Structure formats: C-alpha cells, structure tokens
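# Architecture at a glance
The lines below spell out each chain.
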Amino acid sequence: MGYDIGWLIPRLRNPGRLWYCASSITVAVVGLFSKIIVEFLNKTTVYNREALARAVHRPREVPLLTVSNHHSCFDDPGLWGKKQFQ
C-alpha cells in the first residue's frame, strides 16, 4: 500500500524522461564521488589486531562476538559508492 503524497510535489505525479535521466545521473555521480572518498580518502584504524586474528582462528563451536565503535553520517552514499562501482 503506497502513500498518497501527490499533493506534496504535484509536478512529480507523472515525471518525464528528463527527470528519470537526471535522477539516474545524480545517483551515479553521488556513487562515484562516494567511491572516491571511501577508497582513497578513508582511513581505518584497527586496535588489537593480533587479538582479533587469534579470535577468528577458533574452534567452530565457539561463537565470536565483536564490537565496533564508529560514527558516520555517510552511510547511504558510501554504500552506493561501494556497491555500484565494484
């Protein structure tokens, strides 16, 4: 069941080809820009790498619990860049 939001932007009730083309180009450009940031300008710091490596090589019946502490407001465009141009 969709939402009736036609009142919000009446011109977008029936978008034309230009809208679809522009939105596709926008997603591609944002994805490419995100790819550049994620691949070339991103810095990852791993603490206790040796302890994690030892924990990964464990018996199959022993579960592994990891904790990651991060903050990001780059989630959606970053995922677009990672998945779109791989």
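Remember, predicted model here, so these are calculated numbers, not experimental data.

Nonpolar side chains collect at one region of the surface, where Leu32, Ile36, Phe40 and Leu41 lie side by side and expose about 460 Å² of accessible area between them. Taking relative accessible area as the criterion, Leu41 reaches 66% and is therefore assigned exposed.

Attention shifts here to the UniProt feature "transmembrane region" (unreviewed entry) in the protein chain. Taking the numbering used here, the UniProt-annotated feature "transmembrane region" (unreviewed entry) corresponds to residues 17–38. Taken end to end, residues 17–38 is 100% helix and 0% strand, and its first and last C-alpha atoms sit 31 Å apart.

It is worth spelling out unusual backbone geometry at this point. Positive phi, close to 60 degrees, is recorded for Asn48, a residue that is not glycine. Among the structural elements, Asn48 can be located in the loop between α1 (17–40) and α2 (49–56). For Asn48, a relative accessible area of 60% gives the class exposed.

Before going further, it helps to spend a moment on α1. In this model, α1 (24 residues) spans 34 Å end to end at C-alpha, consistent with the 34 Å of a helix rising 1.5 Å per residue. Along α1, the positions that sit buried rather than exposed are Gly31, Ser34 and Lys35.

Before going further, it helps to spend a moment on the pattern of salt bridges. All chains considered together, the criterion is met by one salt bridge. Between Glu39 and Lys35 there is a salt bridge; the shortest N-O distance is 3.6 Å. Residue Glu39 and its partner Lys35 are located together in helix α1, separated by four residues, close to a single helical turn.

Calculation rules
- Residues numbered from 1 in each chain as written.
- Predicted model: local features only at pLDDT ≥ 70, side-chain atom pairs only at ≥ 80, totals over all residues.
- Heavy atoms only, no water.
- Patch = residues over 30% accessible without salt bridge, like charges linked within 9 Å, V, L, I, M, F, W, Y side chains within 5 Å.
- Areas by Shrake-Rupley, 256 points an atom, 1.4 Å probe, with all protein chains shown as cover.
- Salt bridge = Lys/Arg side-chain N within 4 Å of Asp/Glu carboxyl O.
- Buried < 20%, exposed > 50% of the residue type's maximum accessible area, 1.4 Å probe, protein only.
- UniProt positions renumbered as here; feature names shortened; annotations may be inferred.
- Helix = DSSP H or I, 4+ residues; strand = E, 2+ residues; numbered from the N terminus.
- Expected span 1.5 Å × (residues − 1).

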